[in-house]
Amino acid sequence: MGNESSKTSNLNAPLLSLQSDICNNNMDHSSSTSALEWPEEVAKRVKLIVPTKYDPYQDPENPSLCYIRFDKEKKKFIVASDFDTTTTQTILDVVDPEDIINIKVEIELLTGAPTSRGQEEHIVRNDGEEGEQHRATNEPPVDTLGDTYGRAILSIFAYPKRNLSEESILNSCGMKRKPEEPFRELSEGTTPEEAVKSQQLGHRHKHHRHFRVAPSEDMTDLSTLVQAMRRIVSPVDSTSLDERRLLIIINPVSGKKTAVDVYEKTVAPMLEEASVSYDFFITSYARHAEERMHQQPTNGELRDISDYSGIVSIGGDGVVHEILQGIHSRPDAKEILKNLKIGMVGAGTSNGLSATLAHASDEKFSPMDSAFMIAKGKTSAIDLSLYETTNKSYLSFLTFSWAYIADIDIESEAIRFMGFLRFDLWGALRVVTLRKYRAKFSYLPPTEDRSTGVTLPPLNQPLPTDEGWVYCEDDFVVFWASQVTHAGEQMHHSPPSKIDDGVFNIFIVRGNVSRFRLALIALTMAHGGQVDMPCVEFIQCTAYRLEPITMGSFNDLDGEVVEPGPIQAAVIPGAIQAFCNP
Ligand SMILES: Nc1ncnc2c1ncn2[C@@H]1O[C@H](COP(=O)(O)OP(=O)(O)OP(=O)(O)O)[C@@H](O)[C@H]1O
């Protein structure tokens, strides 16, 4: 367990002459109103050199200048040749603050006499992008090292959605990147809602911007500008970015065994760009992640998880399940849940939590899109639930299934090598060999106030008769209780669910269903098409108890087999924060 590695990004090390406030992240996030306060006069004074990719023919001895302004109405940063929006100007670039994970001032070190050129004298570049080279350092930006001197680079680390080429970013905001063209309003017939919607498509991809700052005696303006930009980029993140420290848990055997690759190529580089510190470890055996959650001795080489602001898993839902059971076993579980944030980068077979968080945030499902949400740092409360079987209790985040779905999930383990296809094949088999299971099912419908959870009597004691509980006994084919919309990246099985609605949505098909109808339901449930079909019910409740009469199925909690027999559950509303942006 001692094989944990630590990464603390130092890319934001303070520049001597710029004062640490340019580079540190101690931002005042106290109110979203202050987030939109834009230092217009200061921004006019910060002159940037137009990158050669925008103007390849400019004179390097006398380069053109540009400025960053903030369009409050459209909520976009605009890089333009002029500040005056009423006169002719060139819009060079438009950057959506929502796409930005960090803004830094870095120093490019050069040798030789300072000139306005210097492109051919660059030293190192740290992000592997095309364009002018630079590197982050805490060296001073003046000539203090013999013939070495530095110049400031303003870097914007952004991940717009893939379908937006540079041109279409501009178009979606109604601004074309034509030289000498005045600022344009949204093109005819395009509503602001449509422009926003057009950005809700596509995967994210890396599109960073680097601007050389024109030499200036006074760097305070640059500091003020960067801080204002940062406030707009993350106005409500109460955790200072400096305080963020994540524990990344990687399951190398999840799904197609890509988790280590996903970490190295996608997650680690993005966290470093976002200046997030983190420790990571690769699991060596089943339940390794669960063990890691146990309290660490204070003198040990590992940090206790209470020292982290968040835990991120790279793998499947099984790792998240382990993480939650590990936390659940601690005496300080309540405190941990209150303070910890969780994130998931799906690299397993199903990836239900990751797909649900992406869906709730209008993001696509992919490692890059999930890593973006984690690096961006926005969080929202999600519900968890407490399940109890005869001898054990569990913290759950995803689904409980019994009968048809549990049989498919657990029995198809035998053909695990087939990936997600295993569920389709086993599903078809189970339609042919249809099984019905009898059970007593009791549930508590939600009331107006869902902010506090329900406390249930022990499983061996009767439920109250006078508090609105509904009781039934029936044959069931499908019994699938969810707190998430997706049980997997290709399984949008519970469209009525919301991550923080304080209820279970229980998808039920009773024993009177025909094979043909069940086949239709099975074919459509991957995209939620079963919702309005005959024989399909969605029951909302804040707590329930299931007492199987026909034995033989599995109790499948979050994709893991738990103790068979009677089971009961209650929602824990908004129990933990998750990295997402609903
Ligand atoms: N190093 C390891 N060797 C063997 N098993 C491991 C190791 N690390 C974790 N595990 C186990 O692997 C199991 C499956 O992991 P995980 O859920 O990440 O992948 P998956 O089953 O492919 O995805 P999903 O749960 O989304 O369907 C977990 O139950 C966990 O206990």
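Numbering of residues begins from 1 in every chain and follows the order in which that chain's sequence is written. For a predicted model such as this one, the threshold for reporting local features is a pLDDT of at least 70, and the threshold for listing and counting side-chain atom pairs is 80 or more; totals across whole chains, interfaces and linings nevertheless cover every residue. The side-chain quantities take in all heavy atoms of the structure and omit both hydrogens and water.

> How would you sum up the overall build of the protein? Please name residues and give values.
Per the convention used, a helix needs a DSSP run of H or I reaching at least four residues, while a strand needs a run of E reaching at least two, with both numbered from the N terminus. Per the secondary structure count, the protein includes 15 helices and 23 strands. Exposure classes here rest on a 1.4 Å probe applied to the protein chains alone. A residue is buried below 20% of its type maximum, exposed above 50%, and partly exposed in between. A burial count over the protein gives 55% of its 582 residues as buried. Note on areas: Shrake-Rupley with a 1.4 Å probe; residue coverage comes only from the protein chains shown. A total accessible area of about 24,900 Å² is found for the protein, and carbon and sulfur atoms account for 51% of it.

> Go over the packing of helix 7 (residues 259-273) against helix 12 (residues 367-376), please, and point to the residues and values.
Orientation is described by lines fitted to C-alpha atoms, with helices fitted over the stretch in contact, and by angles between N-to-C directions that extend from 0 to 180 degrees. The contact between helix 7 and helix 12 brings their axes to 9 Å, and the two run at 30°. Regarding the angle of helix 7 to helix 12, the classification is roughly parallel. The two elements helix 7 and helix 12 cross, and the hand of that crossing is right-handed. Residues Val262, Thr266, Val267, Met270 and Leu271 of helix 7 form the contact with helix 12, whose own contacting residues are Pro367, Met368, Ala371, Phe372, Ile374 and Ala375. Charged residues are taken to be Asp, Glu, Lys and Arg, nonpolar residues to be Ala, Val, Leu, Ile, Met, Phe, Trp, Tyr, Cys and Pro, and polar residues to be all remaining types, Gly included. Residues belonging to the contact of helix 7 with helix 12 are distributed by class as follows: ten nonpolar, one polar and no charged. Orientation categories follow fixed angle ranges, with anything under 35 degrees roughly parallel, anything over 145 roughly antiparallel, 65 to 115 roughly perpendicular, and all other angles oblique. Each crossing gets its hand from how the near helix is turned against the far one by less than a right angle, where anticlockwise is left-handed and clockwise is right-handed. Residues count as neighbours in contact if any of their non-hydrogen atoms are within 4.5 Å of one another.

> So what's going on with helix 15 (residues 515-524)? Which residues, and what values?
Taken as a whole, helix 15 has its buried residues at Leu518, Ile521 and Thr524. With its buried residues spanning 135° around the axis, helix 15 presents them on a single face. Summarising the geometry of helix 15, the exposed residues directed more than 90 degrees from the buried face are Phe516 and Leu523. Of the surrounding secondary structure, the elements contacted by the buried residues of helix 15 are helix 13 (404-411), helix 14 (421-432), strand 17 (470-482), strand 18 (504-510) and strand 19 (536-541). This arc corresponds to the set of directions leading from the helix axis out to the C-beta atoms.

> If you had to explain the pairing of strand 13 (residues 379-388) to someone new, which residues and values would you point to?
Strands are treated as partners if at least two bridges between them are detected by DSSP. Bridge analysis of strand 13 against strand 23 (residues 567-579) gives nine bridges, and the strand direction is antiparallel. When the sheet's bridge partners are listed, Tyr387 is paired in strand 23 with Ala569. Bridge count for strand 13 against strand 14 (residues 393-396) is four bridges, and the pairing is antiparallel. Bridged to Glu388 within strand 14 is Ser393.

> Account for the side chain of His210, with residues named and values stated.
Along the polypeptide, His210 turns up in strand 8 (residues 209-213). Assessed through its relative accessible area of 17%, His210 is described here as buried.

> Quick one: what's the story with the nonpolar core, residue by residue and with numbers?
Within the largest apolar cluster, 60 residues are counted, with the highest numbers of intra-cluster contacts made by Ile248 and Ile314. Counting residues per element, this core draws most heavily on helix 7, at seven residues. Ignoring anything within four residues of it in the chain, the contact list for Ile248 reads Tyr263, Leu271, Tyr278, Asp279, Phe280, Phe281, Val312 and Ile314. Think of a nonpolar core as a cluster: buried Ala, Val, Leu, Ile, Met, Phe, Trp, Tyr and Cys residues, connected wherever their side-chain atoms sit within 4.5 Å. Val50, Phe77, Leu154 and Ile232 belong to the second largest nonpolar core, which has 34 residues in total.

> Got a sec to walk through helix 11 (residues 352-360)? Specific residues and values, please.
Most of helix 11 is tucked away: seven of the nine residues are buried. Along helix 11, the residues that are buried comprise Gly352, Leu353, Ser354, Ala355, Thr356, Leu357 and Ala358. Packed against the buried residues of helix 11 are helix 9 (317-328), strand 12 (341-346), helix 12, strand 13 and strand 23.

> Would you mind going over the pairing of strand 5 (residues 91-95) in detail, with residue names and values included?
Counting buried residues in strand 5 gives five out of five residues, a clear majority hidden from the surface. Taken together, the four bridges between strand 4 (residues 76-80) and strand 5 define a ladder with antiparallel strand orientation. Bridge assignment links Ile78 to a residue of strand 5, and that residue is Val94.

> Mind laying out the environment of Ala569, listing which residues take part and the relevant values?
Here Ala569 is to be found in strand 23. Apart from residues no more than four positions distant in its own chain, Ala569 is found in contact with Leu386, Tyr387, Leu456, Phe504, Thr542, Ala543 and Tyr544.

> Go over a nonpolar patch on the surface, please, and point to the residues and values.
A cluster of nonpolar residues, Phe417, Met418, Leu421 and Leu425, forms a patch on the protein surface that exposes about 410 Å² of accessible area. With respect to the helices and strands, the residue Met418 is situated in the loop between helix 13 and helix 14. For Met418, a relative accessible area of 30% corresponds to the partly exposed category. Patches here are clusters of residues that have more than 30% relative accessible area and form no salt bridge, with a 9 Å joining cutoff for like charges and a 5 Å cutoff for nonpolar side chains (Val, Leu, Ile, Met, Phe, Trp, Tyr). One speaks of a salt bridge when a side-chain nitrogen belonging to Lys or Arg is within 4 Å of a carboxyl oxygen belonging to Asp or Glu.

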